[in-house]
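Fold and contact review
Spelled out, the chains give:
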Amino acid sequence: MIGERLVQKVSATRGFAKVAPHVVPALDRAVHRLSGGRVLLSAQMLPGVILTSTGARSGRPRRTPLACMPEGDGWLLVGSNFGRTGHPAWTYNLLGRPDAEISWKGRDIPVIARLLEGPEREDAWRRLLVFWPPYAAYQNRVARQIRIFHLTRRQSD
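The rules we used
Residues numbered from 1 in each chain as written. Predicted model: local features only at pLDDT ≥ 70, side-chain atom pairs only at ≥ 80, totals over all residues. Heavy atoms only, no water. Axes fitted to C-alpha atoms, helices over the stretch in contact; angles between N-to-C directions. Helix = DSSP H or I, 4+ residues; strand = E, 2+ residues; numbered from the N terminus. Parallel < 35°, antiparallel > 145°, perpendicular 65-115°, else oblique. Contact = heavy atoms within 4.5 Å. Nonpolar A, V, L, I, M, F, W, Y, C, P; charged D, E, K, R; others polar. Salt bridge = Lys/Arg side-chain N within 4 Å of Asp/Glu carboxyl O.

1. Digging into the packing of helix H4 (residues 118-131) against helix H5 (residues 134-141)
Two numbers describe how H4 lies on H5: the axes approach to 8 Å, and their chain directions differ by 125°. By the angle class used here, H4 and H5 are oblique. Judged by residue contacts, Arg121, Trp125, Leu128 and Leu129 of H4 engage Tyr135, Ala136 and Gln139 from H5. Looking at the contact of H4 with H5 residue by residue, the classes come out as 5 nonpolar, 1 polar and 1 charged.

Quick look at the structure:
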């Protein structure tokens, strides 16, 4: 447990927020590709997926490694951006085109994303803070409300 608390404490720092967005996704993408979709380095701290969304402006596929909270019939994704000012690009992609795909434990799963709002968002936020307490530090650093998406499986086309 000491290791987990230390990781959470470091993850909540501003220094981590400056460095992690440049290092963690690149490492995750490389390891995921080299392992045939079976391994995500960041999943050693939190469960993770590779989200493939469609670029809101470009229309091109965008692959983003993300932490997730598996929940019942789906997954919660948090647009914390490590507590940086703006919303992460992948959230705009899901708002514009909610049909996406995730790689989860080596399997590609078609999903549909739904932005949580109001009481439903607040309920999910409380569960997320228990799951990963550093989200509170991220929210405290920004004026924007961090976006939360609920992903559920969709039928293949």
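2. Comments concerning the pattern of salt bridges
Counted according to the given criterion, the structure contains 6 salt bridges. Between Glu71 and Arg127 there is a salt bridge whose closest N-O contact spans 2.6 Å. Of the two residues, Glu71 sits in strand S3 (residues 69-71) while Arg127 sits in helix H4, which places them 56 residues apart along the sequence. The closest approach of N and O atoms between Asp123 and Arg126, which form a salt bridge, is 3.7 Å. Here Asp123 pairs with Arg126, and both are found in helix H4, just 3 residues apart, close to one helical turn.

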